[in-house]
Amino acid sequence: IAGASMSFLGQTSRLTARYGADICFFLGPINLVPVAQDVIRTGYAQEGMDDAYKSTMVRWVSDSQLVYCAAFMGACEREKPAAHIMMGGFWFESILLAEGGKAVGALTVGGTPRQGQIHFLVAICDYVLVGEEYYAAAAKITNDPDDIASIWGEDIYKMILLFLLLAGSVLQALKIDWIKGILTL
């Protein structure tokens, strides 16, 4: 999840550098601070805006979810962001974070592969990447051949399974039981 999140952060940092907008990245795990700083620094460098990068663009608050949420929501109230993009593996804090951006009128974009949090994002965010869309979008952003091939491979596997499911259903409806015999081996 973190790798895909960093892909979104890289693309967002390139766009903010290109258009001269400010970026502020909140995160909970302290071990990701240098990674996030490097991703944003690289994004700014790719747009030729090395001088515009500031290490304060990455804000670590706490590993505690509630403290993290409170700090983020306070920053939203103070700074009134135009957009709030939240991508990653969220738990209960997803609703608090999404509401923090929405409460100040920010365009909210959310994404998570965690099925249990999707309904919160769908209810609050303006745009949502759900489930596997999250990884597909990250692969498209980075244009990494390995990631794209992985997505394609999974899709081909799903199509084969869907075909077998449909074929088995049709054969079973026609009372042709040989596929049932294969599956019970």
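On a predicted model such as this, the values are computed, not experimentally measured, just so you know.

1. Some thoughts on the overall build of the protein chain
Part 1: Counting its secondary structure elements, the protein chain contains eight helices and five strands.
Part 2: Start at the N end of the protein chain and walk to the C end: the helices and strands fall as α-β-α-β-α-β-α-β-α-β-α-α-α.
Part 3: On C-alpha atoms alone, the protein chain measures out to a radius of gyration of 21 Å, which is more than a quarter above the 16 Å that the 2.2 N^0.38 rule sets for 185 residues.
Part 4: For the protein chain, the spread of C-alpha atoms along the principal axes amounts to about 70 × 35 × 30 Å.
Part 5: For the protein chain, buried positions account for 35% of its 185 residues.
Part 6: Long-range pairs, those at least 24 residues apart, make up 55% of the contacts in the protein chain between residues at least 6 apart in sequence.

2. Considerations on the pattern of salt bridges
Part 1: Under the defined criterion, the tally for this structure stands at six salt bridges.
Part 2: Across the pair Glu-47 and Arg-18 runs a salt bridge whose closest N-O atoms are separated by 2.9 Å. Here the residue Glu-47 occupies a position in the loop between helix 2 (33-46) and strand 2 (58-60), and Arg-18 occupies one in helix 1 (residues 2-19), the gap between them amounting to 29 residues.
Part 3: Notably, a salt bridge pairs Glu-132 with Lys-158, separated by 2.1 Å at the nearest N-O pair. Here Lys-158 lies in helix 7 (residues 145-173) and Glu-132 lies in helix 6 (residues 132-142), a separation of 26 residues in the sequence.
Part 4: Since its relative accessible area comes to 47%, Glu-132 is described here as partly exposed.

3. Considering the pairing of strand 4 (residues 107-112)
Part 1: Judged by how many residues are buried, strand 4 sits mostly within the fold: five of six residues are covered.
Part 2: The pairing of strand 3 (residues 83-87) with strand 4 spans five bridges and is classified as parallel. Paired with His-84 across the bridge in strand 4 is Thr-108.
Part 3: Note on the crossover from strand 3 through helix 4 (residues 93-103) to strand 4: the handedness is right-handed.
Part 4: The pairing of strand 4 with strand 5 (residues 127-130) spans four bridges and is classified as parallel. Among the inter-strand pairings, Gly-111 is bridged to a residue of strand 5, identified as Leu-129.
Part 5: Chirality of the crossover, the property in question, places the unit of strand 4, helix 5 (residues 118-124) and strand 5 among those that are right-handed.

4. Quick word on a nonpolar patch on the surface
Part 1: Judged by side-chain polarity, Trp-152, Ile-156, Tyr-157, Met-159, Ile-160, Leu-161, Phe-163 and Leu-164 come together as a nonpolar surface patch covering roughly 890 Å² of accessible area.
Part 2: In this fold, Trp-152 is placed in helix 7.

5. Things to note about the packing of aromatic side chains
Part 1: Applying the stated criterion across every chain, the model contains three aromatic pairs.
Part 2: Look at Phe-8 and Tyr-134: their rings are 5.3 Å apart centre to centre, the planes differ by 45 degrees, and that puts the pair in the tilted class. A residue pair is termed long-range when its members are at least 10 positions apart, and Phe-8 in helix 1 and Tyr-134 in helix 6 qualify at 126 residues.
Part 3: Residue classification places Phe-8 among the buried residues on the basis of a relative accessible area of 7%.
Part 4: An angle of 85 degrees between the planes, with centres 5.5 Å apart, marks the rings of Phe-26 and Phe-72 as edge-to-face.

Definitions and cut-offs
- Per chain, residue numbering runs from 1 following the sequence as it is written.
- With the structure being a predicted model, the display of local features is reserved for residues of pLDDT at least 70 and the display and counting of side-chain atom pairs for 80 or more, all residues being used for whole-chain, interface and lining totals.
- As a rule here, side-chain values cover all heavy atoms of the structure and leave hydrogens and water aside.
- The way it works is that DSSP assigns letters per residue, a run of H or I at least four long becomes a helix, a run of E at least two long becomes a strand, and they are numbered from the N terminus.
- As defined in this context, the radius of gyration uses C-alpha atoms, and a globule is described by 2.2 Å times the residue total to the power 0.38.
- Only protein chains enter the accessibility calculation, which uses a 1.4 Å probe. A residue is then buried if its area is under 20% of the maximum for its type, exposed if over 50%, and partly exposed in between.
- Two residues qualify as a contact provided that any one of their heavy atoms is within 4.5 Å of a heavy atom in the partner residue.
- Salt bridge, as used here, is a side-chain nitrogen of Lys or Arg placed within 4 Å of a carboxyl oxygen of Asp or Glu.
- The rule for pairing is simple: two strands pair if DSSP sees at least two bridges between them.
- Whether a crossover is right-handed depends on one test, that the path from the first strand over the helix to the second runs clockwise when the strands point away from the viewer.
- Patch construction takes residues with relative accessible area above 30% that form no salt bridge. Like charges are linked within 9 Å, and nonpolar side chains (Val, Leu, Ile, Met, Phe, Trp, Tyr) are linked within 5 Å.
- For every accessible area listed, the method is Shrake-Rupley and the probe measures 1.4 Å; residues are considered covered only by the protein chains on display.
- Side-chain rings of Phe, Tyr and Trp (the six-membered ring for Trp) are treated as a pair once their centres are within 6.5 Å; stacked means planes under 30 degrees apart, edge-to-face means over 60, and tilted covers the remaining angles.

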